[in-house]
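Residue-level listing of the chains:
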Amino acid sequence: MTLLELKNVGFRYPLAKEPCLRRINLKVEEGEFVGITGRNGVGKTTLCNIIRRIIPEFIDGELRGEILYKGKPLSSYSRGELAKEIGFVFQNPFVQISGIKKTVYEEIGYSLENLGVERSEIKRRIDEIMNLLKIEHLKDKHPKKLSGGQSQLVALASVLIMKPRLLLVDEPTSQLDPVGTEMVFEALKIVKGTDTTVILVEHKVDLISEYVNRVVVLNEGMVVCDGPNNEVFSNLEIENYGVEVPSVTKLAYELKSKGYPIENIPTNLKDAEIEFRKVLKI
Amino acid sequence: MIIVLVMFFVQFLLDESTSAVYYDFGFFKITEAGLAAGLRKTKLIVAIVSTLILFFSTTDLEDLMIALQAMNVSHVATFVMMSTMQMIPEMISKSKTIMAAQQARGIETEGNLLLRAKAFFPSLGPLIISAVTEIEDKTITLEVRGFSTENKKTTLKDLSKRPMDRALEIGALVVFVVLLIWRFVI
């Protein structure tokens, strides 16, 4: 079933001469794990804001086109319904902490307090989500005293606990160190195993190529590539759009140009290992 | 403390009565009426401030928030209260960071009062701007966490009253009424 559909969506920020997004056409099916990438300033975050209706509710601008969620216009959903349906994890891990709770445990529960869920049910779901994301050890810590990676995991947990059908994750690791980045991606891998549909915006291609099934590349406010991970990332054309191919793919092309008989260009580590072992006979 | 002292002295120096003079310095006198006026005015402040200090040092803010919410105060109001209280230490630490950054750029931040003021006031700009942008981000992140849904909010923490709480509540009321009667009737 199609969960989200964008038809000719365009957006221009007030006072900006050029539109940020020109014509976005995108369809996301239920259960997909989609990666959106593109060079800086191409409108990836704007797109997330549009999907979550932060544009135009909180940020002004000229929005065109049609956005359908479960076949109904996005504007027909109330704020409360959208909060339950579409989760959003932001770039900055620290602003996502509510700032009014003293422990991580309560912080995660805060989302459900807002939704008016019964106390016993909140407790059950906090335990469930902490167990799922393996963050039980943070339970009694103060939310403001966490590292960037831990903060981001808590932010992810406090969004996932609301059981959204669609989860938007906007460059979750852009402000994190390698350890934090690894932690967040491990958690996203766990989310991938649930039935949540995920749209992940990220420009670290080596990482998204490991996790997503489908890749969408944006350039000049439009979708320029859209397809399975191994198809998009093995296509050197994406470098014209400011997106590099993953390191393993680069290496494979390099080896191929040196005369090694590489048949399938790999885009992730697992495929690369198989292919390179075959070719190098090790 | 300083305010209390200043108020006390002003009150007590302004007195111009000539009876019951304890000591005469010539340009001012210590009089009984002056002392009484000073004490009368400052005792009000001491009473109010000490009550507030006692209240906030013995009450968990979160409990206060839950109690207010149970009394049908809007969750927006209680949130604003809570987050403002939490923001103060954050603003202080942010201000320290900005000052350190200024120092690193070679701006004198230590020395006499004038020098420190010169360094301090320009740092207010970035402090306020960063606080405002953070509020914008926070509004959006709160929205994502269902802050604006219109259902009744629940709380994770249980704040039901024990018999002892009830007894204290009633006891305090009784004392209050007795004091009122004592003050105004008798």
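## Here we look at the environment of A:Leu115
Logical step 1: Within the secondary structure, A:Leu115 is located in helix H4 (residues 104-115).
Logical step 2: Assessed through its relative accessible area of 12%, A:Leu115 is described here as buried.
Logical step 3: In this structure the C-alpha to C-alpha distance between A:Leu115 and A:Arg12, which are 103 residues apart in sequence, comes to 33 Å.
Logical step 4: Excluding residues within four positions of it along the chain, A:Leu115 makes contact with A:Lys84, A:Met162, B:Gly146, B:Thr149 and B:Asn151.

## Things to note about the interface of chain B and chain A
Logical step 1: If you look at the interface, chain B gives 30 residues, while chain A gives 37 residues.
Logical step 2: Carbon and sulfur atoms supply 55% of the area that chain B and chain A bury against each other, a total of about 3000 Å² over both sides.
Logical step 3: There are 6 salt bridges connecting chain B and chain A.
Logical step 4: As a salt-bridge pair, A:Arg79 and B:Glu143 come within 3.7 Å of each other at their nearest N and O atoms.
Logical step 5: Put simply, chain B and chain A have 20 residue pairs in polar contact (both at pLDDT 80 or more) between them.
Logical step 6: Among the elements of the structure, helix H3 (61-70), helix H4 (75-104) and helix H5 (113-144) of chain B are those that each provide at least two residues to the side of chain B that touches chain A.
Logical step 7: No other element matches the 9 residues that H5(B) contributes to the side of chain B that touches chain A.

## Here's the deal with the pattern of salt bridges
Logical step 1: Across all of its chains, the model carries 30 salt bridges over all chains by this definition.
Logical step 2: A salt bridge links B:Asp60 to A:Lys102; the nearest nitrogen and oxygen atoms lie 2.7 Å apart. Placement of B:Asp60 in the loop between helix H2 (32-58) and H3 and of A:Lys102 in the loop between strand S6 (86-89) and H4 is noted, with the two residues assigned to different chains.
Logical step 3: Accessibility expressed as a relative area gives 35% for A:Lys102, which makes it partly exposed.
Logical step 4: One connected set of salt bridges, linked through shared partners, spans A:Glu121, A:Arg124, A:Arg125, A:Glu128 and A:Lys163.

## Observations regarding the packing of aromatic side chains
Logical step 1: Scanning the entire structure with this criterion turns up 7 aromatic pairs over all chains.
Logical step 2: With a centroid separation of 5.5 Å and 80° between ring planes, the pair formed by A:Tyr69 and A:Tyr77 is classed as edge-to-face.
Logical step 3: A ring pair is formed by B:Phe55 and B:Phe56, whose centres lie 5.1 Å apart and whose planes are at 80°; its orientation type is edge-to-face.
Logical step 4: On the basis of relative accessibility, which here comes to 34%, the residue B:Phe55 falls in the partly exposed class.
Logical step 5: Sitting above the plane of the A:Tyr105 ring, A:Lys139 keeps its charged end 5.1 Å from the centroid.

## Here's the deal with the side chain of A:Asn219
Residue and element names in this part refer to chain A.
Logical step 1: Positionally, Asn219 belongs in strand S9 (residues 214-219).
Logical step 2: A residue is classified by how much of its surface remains accessible, and Asn219, at 9% relative accessible area, is buried.
Logical step 3: Engagement of the side chain of Asn219 in a polar contact is seen with the side chain of Arg39, the distance being 3.2 Å.
Logical step 4: For Asn219, the contacting residues outside a window of four places in its chain are Arg39, Val42, Val224 and Tyr241.

## Topic: a nonpolar patch on the surface
Logical step 1: Where nonpolar side chains cluster on the molecular surface, the patch consists of B:Leu173, B:Val175, B:Phe176, B:Val177, B:Leu179, B:Leu180, B:Ile181, B:Trp182, B:Phe184, B:Val185 and B:Ile186 and spans about 1200 Å² of accessible area.
Logical step 2: Position of B:Phe176 relative to the elements: it lies in helix H6 (residues 163-184).

## Topic: the confidence of the model for chain B
Residues and elements named next belong to chain B.
Logical step 1: Confidence along chain B averages 84 in pLDDT terms, with 96% of residues attaining 70 or more.
Logical step 2: Across chain B, the secondary-structure element scoring lowest on mean pLDDT is strand S1 (residues 21-24), at 71, and the one scoring highest is H6, at 93.
Logical step 3: Quick note on the complex model: pTM equals 0.83, ipTM equals 0.82.

Parameters at a glance
Residues numbered from 1 in each chain as written. Chains lettered and ligands numbered in written order. Predicted model: local features only at pLDDT ≥ 70, side-chain atom pairs only at ≥ 80, totals over all residues. Heavy atoms only, no water. Helix = DSSP H or I, 4+ residues; strand = E, 2+ residues; numbered from the N terminus. Buried < 20%, exposed > 50% of the residue type's maximum accessible area, 1.4 Å probe, protein only. Contact = heavy atoms within 4.5 Å. Buried area = accessible area lost by both parts, 1.4 Å probe. Salt bridge = Lys/Arg side-chain N within 4 Å of Asp/Glu carboxyl O. Polar contact = N/O pair within 3.5 Å; in protein donor to acceptor, adjacent residues only side chain to side chain. Phe/Tyr/Trp six-rings, centres within 6.5 Å; stacked < 30°, edge-to-face > 60°. Lys NZ or Arg CZ within 6 Å of the ring centre and 35° of its normal. Patch = residues over 30% accessible without salt bridge, like charges linked within 9 Å, V, L, I, M, F, W, Y side chains within 5 Å. Areas by Shrake-Rupley, 256 points an atom, 1.4 Å probe, with all protein chains shown as cover. pLDDT = per-residue confidence, 0-100.

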